[in-house]
Amino acid sequence: MDFKTATALRRLRLVSAPEAVSFLLLLICSVLKRTSDFNAVPVMGMVHGVLFILYVVFWADAWNRTKWKWQTAALYFVLSVLPTGGFFAERKLKRETEAGVIAARARKEGVVNA
């Protein structure tokens, strides 16, 4: 795994958890708007919108650099639209990045001919 690919995966991983948190907060704000006088939906909507756009941009960059199969790319996209999916995406991306770095180091040191 080269540096740019690892960086693309790291960016996607770093934005996935905040995007999931903002989605959950937006859902909570929506409920509070209907049940009380508290209305933070415009602010949380904007925050979540920006984080979602960042997620999609970083997802597209990671898909382009890693050459994922379309099923893997679709999985990461579907996880972005589920309320807690970003947490699962972050964990899965962390494992994928670590495995890629280990494999790259093994190839570099001549341990593996892959």
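I will try to describe carefully the structure that is included in this document. (Residues numbered from 1 in each chain as written. Predicted model: local features only at pLDDT ≥ 70, side-chain atom pairs only at ≥ 80, totals over all residues. Heavy atoms only, no water.)

### Some remarks on the environment of Tyr76
Inference 1: Turning to its location among the elements, Tyr76 is positioned in helix H3 (residues 70-81).
Inference 2: For the pair Tyr76 and Leu24, spaced 52 residues apart in the sequence, the C-alpha separation amounts to 18 Å.
Inference 3: Leaving out residues up to four positions away in the same chain, Tyr76 has contacts with Tyr55, Trp59, Trp68, Ala89, Lys92, Leu93 and Glu96.
Inference 4: A polar contact is formed between the side chain of Tyr76 and the side chain of Glu96, at a distance of 3.0 Å. (Helix = DSSP H or I, 4+ residues; strand = E, 2+ residues; numbered from the N terminus. Contact = heavy atoms within 4.5 Å. Polar contact = N/O pair within 3.5 Å; in protein donor to acceptor, adjacent residues only side chain to side chain.)

### Points about the nonpolar core
Inference 1: Counting 15 residues, the largest nonpolar core has Leu12, Tyr55, Trp59, Ala62, Trp68, Tyr76 and Leu93 as its most contacted members.
Inference 2: Elements represented by at least two residues in this core include exactly helix H1 (3-35), helix H2 (41-66), H3 and helix H4 (85-108).
Inference 3: Leu26, Cys29, Ala40 and Met44 belong to the second-largest nonpolar core, a separate cluster that totals five residues. (Core = buried A, V, L, I, M, F, W, Y, C linked by side-chain atoms within 4.5 Å. Buried < 20%, exposed > 50% of the residue type's maximum accessible area, 1.4 Å probe, protein only.)

### Regarding the pattern of salt bridges
Inference 1: What the rule picks out here adds up to three salt bridges.
Inference 2: Residues Arg11 and Asp61 are paired through a salt bridge, measuring 2.4 Å at the closest nitrogen-oxygen approach. Separated by 50 residues along the polypeptide, Arg11 in helix H1 and Asp61 in helix H2 bring together distant segments of the chain.
Inference 3: Between Asp61 and Arg65 there is a salt bridge; the shortest N-O distance is 3.1 Å. Residue Asp61 and its partner Arg65 are located together in helix H2, separated by four residues, close to a single helical turn.
Inference 4: A single network of salt bridges, built from pairs that share partners, joins Arg11, Asp61 and Arg65. (Salt bridge = Lys/Arg side-chain N within 4 Å of Asp/Glu carboxyl O.)

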